[in-house]
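Spelled out, the chains give:
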Amino acid sequence: MRVLPDAEKGVNTVTRRRGDVATTALAGIMIALCAVDLNAQQSSSTFPHWVAQTSGTKAELRGLAALTDKVAWASGTGGTVLRTIDAGTSWKVIKVAGADSLDFRDIHAVDENIAWVLSIGNGSSSRIYKTRDAGATWVLQFTNPEPKAFYDAIAFWDSDNGMAMSDPVDGYFRIMTTTNGGRTWERMPTDSMPPALENEGGFAASGTNLVVAENGVAYFGTGGSSVARVFRSRDSGKSWKAAEVPIAAGSPSAGIFSLALRDNKGRRSLAVGGDYRKPTEGNLNIAGSNKYGDEWFSATNTYPHGYRSGVAYVPRTDGRMAIAVGLSGSDITTDLALTWATFDQVGYNSIAFADTRNSGWAVGPDGRI
């Protein structure tokens, strides 16, 4: 039930949900469909800039997986999947058979051949497909059997073990896990999970409100209720704890939209969000945790400039650098999230960096990547 509107067309009828900083230094920056390489930027005071790429589609893109400096996948409306194996010089548009009406809000990939996509929606609209041959064929692995469930995101620890997260059903968030690469999915118990608050749910904004770390650690962020929260599991989803997060809340359109982990242990993390109905309102849209998600704080002197639906740490910067994106632009921090500066004002939904190099992509409306 947490479908965000395409671009700025307004709220989807099946759901309720979905700053001017350093402008002098940012003059002349141009963006559109984009990729960025920060290797040359880390020792420089110059802000990074987005480099336009041609996607070959006008789909609204939200799912994103960056694997190497050459290989990345993306997904979006109209059953659309995209893949590049040449750093985005060219993108192949892939259509999943029988999925033309589906919205692929999340994608996870293992390599240039193997990937999963998640479509969102109530009931059977929530599905998981998998390809092993670079998108030439897809296997439908999961179709949501519950009319009340609405799956927001997927995440995988490795090629076998993964998790899918849904909005609450009968008062509890629905968690499904797989241990065999998605061939079968098992519903996790709710007896060791805190109950959902009134109107609480997840946001299917960028596929990053659910993230995982090593040894079965998983986190997901929530919104739409009186407070925003992060749920954390240390046993692959069997049990959960919840912590309040100082991010905008109190309305169906406000809360946490994206999480980023600083390392594979999940000790330090960032949460971004805000109110998607107020895309330029830049306060209470970011929080951090240094205690495995048990405690969260607003350790920032300046906020990102508006609602943000995606955030990612820049690799090889020891957490000093991170970039947040949203409908009103992109912001960067170079000091452990204490201060943020806007370096672009075009809207994006998601951002991801590859681990192998400091190469990253952002995706958004009208086929931007």
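Everything below is about the structure printed above this text.
Residues numbered from 1 in each chain as written. Predicted model: local features only at pLDDT ≥ 70, side-chain atom pairs only at ≥ 80, totals over all residues. Heavy atoms only, no water.

Draft legend 1. Main features of the overall build of the chain. When its secondary structure is counted, the chain shows zero helices and 27 strands. Burial analysis of the chain (369 residues in total) assigns 59% to the buried set. Accessible surface, the chain: about 14000 Å² in total, of which carbon and sulfur atoms supply 48%. (Helix = DSSP H or I, 4+ residues; strand = E, 2+ residues; numbered from the N terminus. Buried < 20%, exposed > 50% of the residue type's maximum accessible area, 1.4 Å probe, protein only. Areas by Shrake-Rupley, 256 points an atom, 1.4 Å probe, with all protein chains shown as cover.)

Draft legend 2. Representation of the nonpolar core in the model. In this structure, Ile128, Tyr151, Ile154, Ala164 and Trp185 are the most contacted members of the largest nonpolar core, which totals 16 residues. Looking at this core, the elements that each hand over two or more residues are β8 (115-119), β11 (151-156) and β12 (162-169). Ranked by residues supplied to this core, first place goes to β11 with three residues. Excluding anything up to four places from it in sequence, Ile128 contacts Trp116, Val117, Leu118, Val139, Leu140, Gln141, Phe142, Ile154, Ala164 and Trp185. (Core = buried A, V, L, I, M, F, W, Y, C linked by side-chain atoms within 4.5 Å. Contact = heavy atoms within 4.5 Å.)

Draft legend 3. Just the sheet that holds strand β10 (residues 139-143), in detail. Ordered by their spatial adjacency, four strands build an open sheet running β7-β8-β9-β10, and the pairing between neighbours is antiparallel. Only two strands of the sheet have a single neighbouring strand rather than two, namely β7 (104-109) and β10. Each strand axis lies, on average, 20° off the axis of its neighbour in the sheet, ignoring direction. Here four bridges tie strand β9 (residues 127-131) to β10, and the two strands are oriented antiparallel to one another. Along β10, the bridge assignment pairs Arg127 with Thr143. (Pairing = 2+ DSSP bridges. Axes fitted to C-alpha atoms, helices over the stretch in contact; angles between N-to-C directions.)

Draft legend 4. Expanded view of the pattern of salt bridges. Overall, the coordinates contain twelve salt bridges when judged by the stated rule. With a closest N to O distance of 2.7 Å, Asp294 and Arg232 form a salt bridge. Here Asp294, found in the loop between β21 (286-289) and β22 (310-313), pairs with Arg232, found in strand β17 (residues 228-233); they are 62 residues apart in sequence, far enough to count as distant. For Asp294, a relative accessible area of 34% corresponds to the partly exposed category. A residue is classified by how much of its surface remains accessible, and Arg232, at 7% relative accessible area, is buried. (Salt bridge = Lys/Arg side-chain N within 4 Å of Asp/Glu carboxyl O.)

Draft legend 5. Fine view of the packing of aromatic side chains. Within the structure shown, the criterion is met by 15 aromatic pairs. Taking the centre distance of 5.9 Å and the plane angle of 80° together, the rings of Phe104 and Tyr129 count as edge-to-face. Remark: Tyr129 occurs in strand β9 and Phe104 occurs in strand β7; sequence separation between them is 25 residues. Here Phe104 matches Tyr129 in class, with each residue buried. Here the aromatic rings of Phe257 and Tyr307 are separated by 4.8 Å at their centres, their planes lie at 75°, and the arrangement is edge-to-face. Taken together, the positions of Phe257 in strand β19 (residues 254-261) and Tyr307 in the loop between β21 and β22 put the pair 50 residues apart, joining distant regions of the chain. Here the two residues Phe257 and Tyr307 agree in accessibility, since each one is buried. Aromatic ring contacts, followed pair by pair, group Trp116, Phe142, Tyr151, Phe156 and Trp185 into a single cluster. (Phe/Tyr/Trp six-rings, centres within 6.5 Å; stacked < 30°, edge-to-face > 60°.)

Draft legend 6. Spatial organisation of the side chain of Thr333. For Thr333, the location among the structural elements is in strand β24 (residues 329-333). With relative accessibility at 1%, the residue Thr333 sits in the buried group. Reaching out from Thr333, the side chain makes a polar contact with the backbone nitrogen of Ala337 at a distance of 3.0 Å. With residues near it in sequence (within four places) discarded, Thr333 still touches Arg320, Met321, Ala322, Leu338, Thr339 and Trp340. (Polar contact = N/O pair within 3.5 Å; in protein donor to acceptor, adjacent residues only side chain to side chain.)

Draft legend 7. Representation of the sheet that holds β17 in the model. Taken together, four strands build an open sheet; the order of strands is β15-β16-β17-β18 and the sheet is antiparallel. Edge positions in the sheet fall to β15 (210-213) and β18 (241-245), since each has one partner strand and no second. Here the strands of the sheet are splayed against their neighbours by 20° on average, with no regard to which way each runs. As paired elements, strand β16 (residues 217-221) and β17 share four bridges and run antiparallel to each other. Along β17, the bridge assignment pairs Ala218 with Ser233.

Draft legend 8. Molecular detail of the environment of Lys95. Mapped onto the secondary structure, Lys95 falls in strand β6 (residues 92-95). The residues touching Lys95, leaving out its near neighbours within four places in the chain, are Gly78, Gly79 and Thr80. For Lys95, the side chain forms a polar contact with the main-chain oxygen of Gly78, separated by 3.0 Å. Side-chain polar atoms of Lys95 contact the side chain of Thr80, separated by 3.1 Å.

Draft legend 9. Layout of the environment of Phe150. Relative to the assigned elements, Phe150 resides in the loop between β10 and β11. In this structure Phe150 comes out as buried when scored by relative accessible area, which is 0%. Taking C-alpha positions, Phe150 is 9.2 Å from Gly202, a pair spaced 52 residues apart along the chain.

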